[in-house]
Amino acid sequence: MAIWRRERVLCQPPLSPTDGSPAETTLLAETILAGLNPEQRDAVTTTEGPLLVLAGAGSGKTRVLTQRIAYLIGVCGIAPDGILAVTFTNKAAGEMRERVEKLLGAGAAAVWLATFHSVCMRILRRDIGHLGYSRGFAIYDEADSLGVVRQAVARHRLDPKIVDARRLRWRIDQWKNAGDDPAAAARSAVDTEAQQAAEVYATYQRLLADASALDFGDLLLMTVELFDRFPEVLAHYRRRWQYVLVDEYQDTNRVQYRLVQQLASEHRNLCVVGDPDQSIYAWRGADLHNILDFERDHPGAVVVKLERNYRSTQPILAGASGVVANNMARRRKDLFTEREGGEAIRGFEAEDDRDEAQRVVREIQATVRDDGRAYGDCAIFYRTNAQSRIFEEELLKYDVPYVVVGGVRFYDRAEVKDALAYLRLAQNPADGAALRRIVNKPARGIGKTSLERAEALAEQHGTSLLEGLRRYGESEEGARAAPRIRAFVRMQSELAGQLAGTAPARAIALVLDASGYLAALEREGSVEAESRIENLRELIAAAEDFHRANAGFPDERGEFELFLDQVALVSDVDSYDRRDDHVSLMTVHSAKGLEYPIVYLVGMEEGVFPHSAALRDAVGVEEERRLCYVGMTRAMERLTITSAAERLRFGSRSYGVPSRFLAEIPPAVVERVEGRGRARPVPASRGPHYDYSYAQAEPIGAAAIVRGVRVRHPHFGAGVVISVAGAGASQKLKVQFDRAGVKTLVLKFANLELG
DNA sequence: TCTGTAGGCGTTTTT
DNA sequence: CGCCTACAGA
């Protein structure tokens, strides 16, 4: 929650941390650059023009970004509000802000340091009027958005049993990530199904507009559109942000790329930091080309490589590098560490998932007891959220403190969403998703039929759902439910009046009381209802926290509107607090950017990790491999990798084969352990620079592929190359497969082996 | 309109 | 296995 505090952009006079005298500036420069290696210094001091920082895992990336911001302000004298730094998570933004403030004091608060989504939201809150939208727009989360897709499907009279709304939503999301509006989607449609999807997309957008709502993708897309269509608006932001920094650039999608281009193409002071090997969000539309083609897109770009790893011991880094070296679509990188020696990576195969969890938990206990480690030093990473349960059970059984990071967000709990929906509806009466959510919570006799009629009326008159409901309540046919509907509508408008200008905590309390929501829960009296009430108390506490953080910073927008904005864009990982002593459980995706002395990477079986859904093509497998790399490189001192011979999936037993990634770890740095025991140390006597590529089949280079060569494809099997076109990794080949026939493949993605 | 239950379905990863 | 949805009965 502390995040909110930092999220505020304060209007303050530009900070001047020095008196401007050369001596003092030099002193400050020295402080900022102290302890940086030469490459890191380059990355910090190359302030003008495009700069690509290729930062390997654990190479001090965050440090470079923060020192760079400090350098721009403290040494170059740039006003803090002239700097825009974009990250992917609020957590990363918060961490960075903390560190900049440590260097420069509170004045650094004026730096725009936020996530893409939050930056866009603020821009749109100010300027979306140009696009004909209300500035009071609602932000729809995934569940709200899914509801709208279902509505759109219904409008097209499509059979919901045949058309999968979830898949459609995903598809629309992909379009948005690629920057395609419904018209573009329709143009690109190759079959009737795609055509139909594009039509639903169009309806979906119309319904969103009717509800005056934006989904996550819209936040980005509409900002880009705004800048495209209104150059004078863009000019304002360009003038404002003379320096643009982007973190985790390898995870940007096409729309984010365009946004960055728009903001930076004039002054060209663009610094992007990333690591292609840690790109793990292609499924969400991230486009590796953004980082791979940076030099081509930005002529004269300076490239700095950070290859010294400060985090992990040599065996861990060697193991992780060995795995990722198997990817073909990859820029070569030679990470090295000075933490020579250290324990070998340990691996064991458990009998089943229960045994796996038990052994991990017992080991953690033993480590804490015998080695003087803290629970907080230990983390368990898994591929899918569903895997957390069995570990939780075992941790509970042995009384080990733990925290699950991610999973169900606090703000995704039903009761919390209900309470917030009342606020949303008060703020934006057009918000149909919010209305649907609470119209009959607590039960007040306004059911499905009433809502259907209301929707029909709304459509017919071109009004909001709430207005449709009001009409229905006053019409004659609504006789049965009419009094109840009228009471609801009256309550809603009274609430809207009362809530304007009210502090969020009070607003929530008011709503819970006036709606009878709290009373209904209290009446229920079950343990579950108790815990719901407890969560609502926590929500009010969070709102109070927000109020305190914002005290003294008046904004033209109501405070609870700002509160809703924050809530819409925080994830669970953001509020995750590491201070308490507990074992951390999370997906490998959530683990990105974190580090732990002791890491357990569990469930390393084919179909689990790599996940079966990713096995369709080589591109999917490569992303899984990068994910594995991310997981392994989180470990500082001890890494244990486990698999289970059989596990319960979907309630039935399935048998697992150890993950292919295990075989890709150089054997010299792994040790299989049976039972508990310390891993043998790996001697540090391998020379100053360990050769991470040894024991590693080099990926097939373009040179190896000529006509007539026999190759093996992971999916199509063995075959022979019959023609080669183009050059480099992007060259295309025709391969005659022994069984699958002739296929045209792109070398870099085809994952071919010789032979 | 509400409540209970049976059946179907699904799990990748998330701002 | 557990969640969510659809449907039947009151």
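See the structure printed just above.
Procedures and definitions
Residues numbered from 1 in each chain as written. Chains lettered and ligands numbered in written order. Predicted model: local features only at pLDDT ≥ 70, side-chain atom pairs only at ≥ 80, totals over all residues. Heavy atoms only, no water. Helix = DSSP H or I, 4+ residues; strand = E, 2+ residues; numbered from the N terminus. Buried < 20%, exposed > 50% of the residue type's maximum accessible area, 1.4 Å probe, protein only. Areas by Shrake-Rupley, 256 points an atom, 1.4 Å probe, with all protein chains shown as cover. Near = heavy atom within 4 Å. Polar contact = N/O pair within 3.5 Å; in protein donor to acceptor, adjacent residues only side chain to side chain. Nonpolar A, V, L, I, M, F, W, Y, C, P; charged D, E, K, R; others polar. Pairing = 2+ DSSP bridges. Axes fitted to C-alpha atoms, helices over the stretch in contact; angles between N-to-C directions. Contact = heavy atoms within 4.5 Å. Core = buried A, V, L, I, M, F, W, Y, C linked by side-chain atoms within 4.5 Å. Salt bridge = Lys/Arg side-chain N within 4 Å of Asp/Glu carboxyl O. Parallel < 35°, antiparallel > 145°, perpendicular 65-115°, else oblique. 1 Å grid on protein atoms, 1.4 Å probe; cavity = no way out; pocket = protein on both sides within 12 Å on 5 of 7 lines; lining within 4 Å. Points joined across faces, edges and corners; volume = space filled by probe spheres on them.

**Student:** Please clarify how the overall build of chain A should be interpreted in this entry.
**Tutor:** Looking only at helices and strands, chain A features 31 helices and 23 strands. When burial is assessed residue by residue, chain A has 55% of its 755 residues classed as buried. Of the accessible surface of chain A, which amounts to about 32300 Å², a share of 51% is contributed by carbon and sulfur atoms.

**Student:** Sorry, what's going on with the protein's contact with DNA strand B here?
**Tutor:** Of all residues adjacent to DNA strand B, which total 26 residues, the nearest are Arg-166, Arg-383, Thr-449, Ser-450 and Phe-650. Sugar and phosphate atoms form 47% of the subset of DNA strand B atoms that lie within 4 Å of the protein. Note that a sugar or linking oxygen of DNA strand B is positioned 3.2 Å from one of the side-chain N or O atoms of Arg-284. With respect to DNA strand B, the backbone of Asn-385 contributes an N or O atom lying 2.8 Å from a phosphate oxygen. Here the residues of the surface near DNA strand B sort into 8 nonpolar, 14 polar and 4 charged.

**Student:** What is the right way to read the sheet that holds strand β2 (residues 83-87) from this model?
**Tutor:** Backbone hydrogen bonds hold the strands of a sheet together, and the pairing may be parallel or antiparallel. As summarised here, the arrangement of the 6 strands in space is β3-β2-β6-β7-β1-β8, forming an open sheet in which the pairing is parallel. Looking at the sheet topology across the chains shown, the edges are occupied by β3 (112-115) and β8 (302-306). Adjacent strand axes in the sheet meet at a mean angle of 15°, parallel and antiparallel pairs treated alike. Sheet analysis places β2 next to β3, joined by 4 bridges and oriented parallel. From the neighbouring strand, Val-86 faces β3, where its bridge partner is Ala-114. Across the face of the sheet, helix α4 (residues 61-74) comes into contact with β1 (51-55), β2, β3, β6 (243-246), β7 (270-274) and β8 while running at roughly 170° to β6.

**Student:** Would you take a moment to explain the nonpolar core for this structure?
**Tutor:** Proteins that are soluble and globular tend to have nonpolar side chains buried together. Residues Leu-219, Phe-227 and Trp-241 are the most contacted members of the largest nonpolar core, which totals 71 residues. Once residues lying within four places of it in the same chain are set aside, the contact partners of Leu-219 are His-117, Cys-120, Met-121, Leu-124, Phe-137, Ile-139, Leu-214 and Leu-569. Ala-421, Leu-435, Tyr-472 and Tyr-517 belong to the second-largest nonpolar core, a separate cluster that totals 50 residues.

**Student:** Just checking my understanding: could you explain the protein's contact with DNA strand C for this structure?
**Tutor:** The local shell around DNA strand C consists of Arg-389, Phe-650 and Gly-651. Of what DNA strand C places within 4 Å of the protein, 50% of the atoms are sugar or phosphate.

**Student:** Can you walk me through unusual backbone geometry in this structure?
**Tutor:** Where the residue is not glycine, phi is negative for most of them; where a peptide bond is considered, it is trans in most cases. Residue Pro-442 follows Lys-441 across a cis peptide bond; omega there is -5°. Tracing the chain through its elements places Pro-442 in the loop between α20 (432-438) and α21 (448-461). The omega torsion across Phe-609 and Pro-610 is 10°, close enough to zero to call that bond cis. Position of Pro-610 among the secondary structure elements: in the loop between β15 (596-601) and α29 (618-632). At Arg-157, a position not held by glycine, the phi torsion is positive, near 50°.

**Student:** Would you mind going over the pattern of salt bridges with me for this structure?
**Tutor:** A pair can form between side chains of opposite charge whenever their charged atoms are brought close. For the structure shown, the criterion picks out 50 salt bridges. For Glu-95, the salt bridge is made with Lys-91, and the minimal N-O distance between the two is 3.8 Å. In this pair, Glu-95 and Lys-91 are both assigned in helix α5 (residues 90-104), 4 residues apart and thus about one turn of the helix distant. The shortest N-O distance in the salt bridge between Arg-626 and Glu-623 comes to 3.3 Å.

**Student:** Any chance you could explain the environment of Lys-333 here in plain terms?
**Tutor:** By secondary structure assignment, the location of Lys-333 is in the loop between α16 (314-324) and β10 (336-337). Under the relative-accessibility criterion, Lys-333 is labelled buried at 15%. Each C-alpha atom of the pair Lys-333 and Leu-54 lies 9.2 Å from the other, and the pair is 279 residues apart in sequence. If near-sequence neighbours (up to four positions away) are discounted, Lys-333 is found in contact with Gly-56, Asp-275, Asp-277, Glu-307 and Tyr-629.

**Student:** Where do I start with the environment of Val-361 in this structure?
**Tutor:** Topologically, Val-361 is positioned in helix α17 (residues 353-370). When the C-alpha positions of Val-361 and Val-324 are compared, they lie 28 Å apart, and in sequence the two are 37 residues distant. Apart from residues lying up to four places away in sequence, Val-361 is in contact with Phe-391, Glu-394, Leu-395, Tyr-398 and Val-400.

**Student:** Just to check I follow, could you spell out the packing of α16 against α29 for this structure?
**Tutor:** A pair of packed helices can be characterised by two numbers: the angle between their axes and the separation between those axes. Where α16 contacts α29, the two axes come as close as 9 Å, and the packing angle between them is 175°. The pairing of α16 with α29 is recorded here as roughly antiparallel in orientation. In this structure, α16 contributes Ile-316, Gly-319, Ala-320, Ser-321, Val-323 and Val-324 to the contact, and α29 contributes Arg-625, Arg-626, Cys-628, Tyr-629 and Met-632. Of the residues contributing to the contact of α16 with α29, the split by class is 7 nonpolar, 2 polar and 2 charged.

**Student:** Which parts of the structure should I look at to understand empty space enclosed by the protein?
**Tutor:** Gaps left between atoms show up when a probe the size of a water molecule is rolled over them. This model, assessed by the stated rule, comprises 5 cavities of 30 Å³ or more. The calculated volume of the largest cavity comes to roughly 280 Å³. Lining the largest cavity are 23 residues, and of these Ile-139, Arg-424, Leu-564, Val-567 and Ala-568 sit closest to its centre. Put simply, the parts of the chain that give the lining of the largest cavity at least two residues each are β4 (138-140), α19 (414-427) and α27 (559-569). Take the lining of the largest cavity: its biggest share by element is 5 residues, from α19. Looking at the lining of the largest cavity residue by residue, the classes come out as 11 nonpolar, 2 polar and 10 charged. Roughly 70 Å³ of internal volume is contained in the second largest cavity.

**Student:** Looking at this structure, how should I read the packing of helix α24 (residues 504-514) against α27?
**Tutor:** Contact geometry for α24 and α27: axes closest at 8 Å, N-to-C directions at 90°. What the angle tells us is that α24 and α27 run roughly perpendicular. The residues of α27 that touch α24, namely those facing Pro-504, Ala-507 and Ile-508, are Glu-559, Phe-560 and Phe-563. Class assignment for the residues of the contact of α24 with α27 results in 5 nonpolar, no polar and 1 charged.

**Student:** How do you make sense of the side chain of Thr-337 when you look at a structure like this?
**Tutor:** The topology assignment puts Thr-337 in strand β10. Judged by its relative accessible area of 2%, Thr-337 falls in the buried class. A polar contact is formed between the side chain of Thr-337 and the backbone oxygen of Asn-309, at a distance of 3.4 Å.

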